[in-house]
Amino acid sequence: MNRNTVLIMALLLSLAVNLLIAGFVIGKKRGSAVESPPMAWAVEHLSSDTQRRVRGQMRAQLSEVRPLREDMRKAQAAVRKAVATQDYDSKALELALEKSREVSERYQALIHKNLVKVAAELPREQRIALARAALQRGQDTKMPPRPPKNIR
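Throughout what follows, the structure given in this document is the object of discussion. (Residues numbered from 1 in each chain as written. Predicted model: local features only at pLDDT ≥ 70, side-chain atom pairs only at ≥ 80, totals over all residues. Heavy atoms only, no water.)

**Describing the overall build of the chain**
And step 1. Looking only at helices and strands, the chain has five helices and zero strands in total.
And step 2. When the helices and strands of the chain are placed in sequence order, the string is α-α-α-α-α.
And step 3. Counted over contacts in the chain with a minimum sequence separation of 6, partners at least 24 positions apart contribute 65%.
And step 4. Accessible area for the chain stands at about 11,900 Å²; split by element, carbon and sulfur atoms hold 58% of it. (Helix = DSSP H or I, 4+ residues; strand = E, 2+ residues; numbered from the N terminus. Contact = heavy atoms within 4.5 Å. Areas by Shrake-Rupley, 256 points an atom, 1.4 Å probe, with all protein chains shown as cover.)

Written as structure tokens, this is what we have:
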């Protein structure tokens, strides 16, 4: 083999290794964003064993929750768009807010249904801890949440 052939083969091998490493890193990064089950935060005060069991039950409900989460994202985006548009239309905002409320109510009803199923399998003390966490969510914060970046 002449010198040019060896050099080309080395460059191709180097390129292949770099692409392999880049693919691995990108795949790892993309795969790490695991969707959290509904109300996963509410079980933080429960025992480790109970957390694993309850989170498993909650994960099983993701197929029902996922479409509603997507509907909520779309409804919230419509509200942001209606507020931020150059030619403000109060009717468009009113309709977007109405849709947001409707989707939010469906989501909350599903979460409540699932919470009833999960609570049915917990002892009294853990049901109380779960309910306390669910009812106090956000109550401890003193400052209101910041608006989305596209609303000033």
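**Examining the pattern of salt bridges**
And step 1. Scanning all chains against the criterion turns up six salt bridges.
And step 2. Between K113 and E64 there is a salt bridge, and its shortest N-O distance comes to 3.3 Å. Pair noted here: K113 is in helix α4 (residues 90-119) and E64 is in helix α3 (residues 62-84), with a separation of 49 residues, a long-range link.
And step 3. Among the residues examined, E64 registers a relative accessible area of 34% and is labelled partly exposed.
And step 4. Of the charged contacts in the structure, one is a salt bridge between R73 and E70, with a shortest N-O distance of 3.3 Å. Highlighted residues: R73 and E70, both in helix α3, separated by three residues, approximately one helical turn.
And step 5. Take R73: its relative accessible area is 44%, and that puts it in the partly exposed class.
And step 6. Residue classification places E70 among the partly exposed residues on the basis of a relative accessible area of 33%. (Salt bridge = Lys/Arg side-chain N within 4 Å of Asp/Glu carboxyl O. Buried < 20%, exposed > 50% of the residue type's maximum accessible area, 1.4 Å probe, protein only.)

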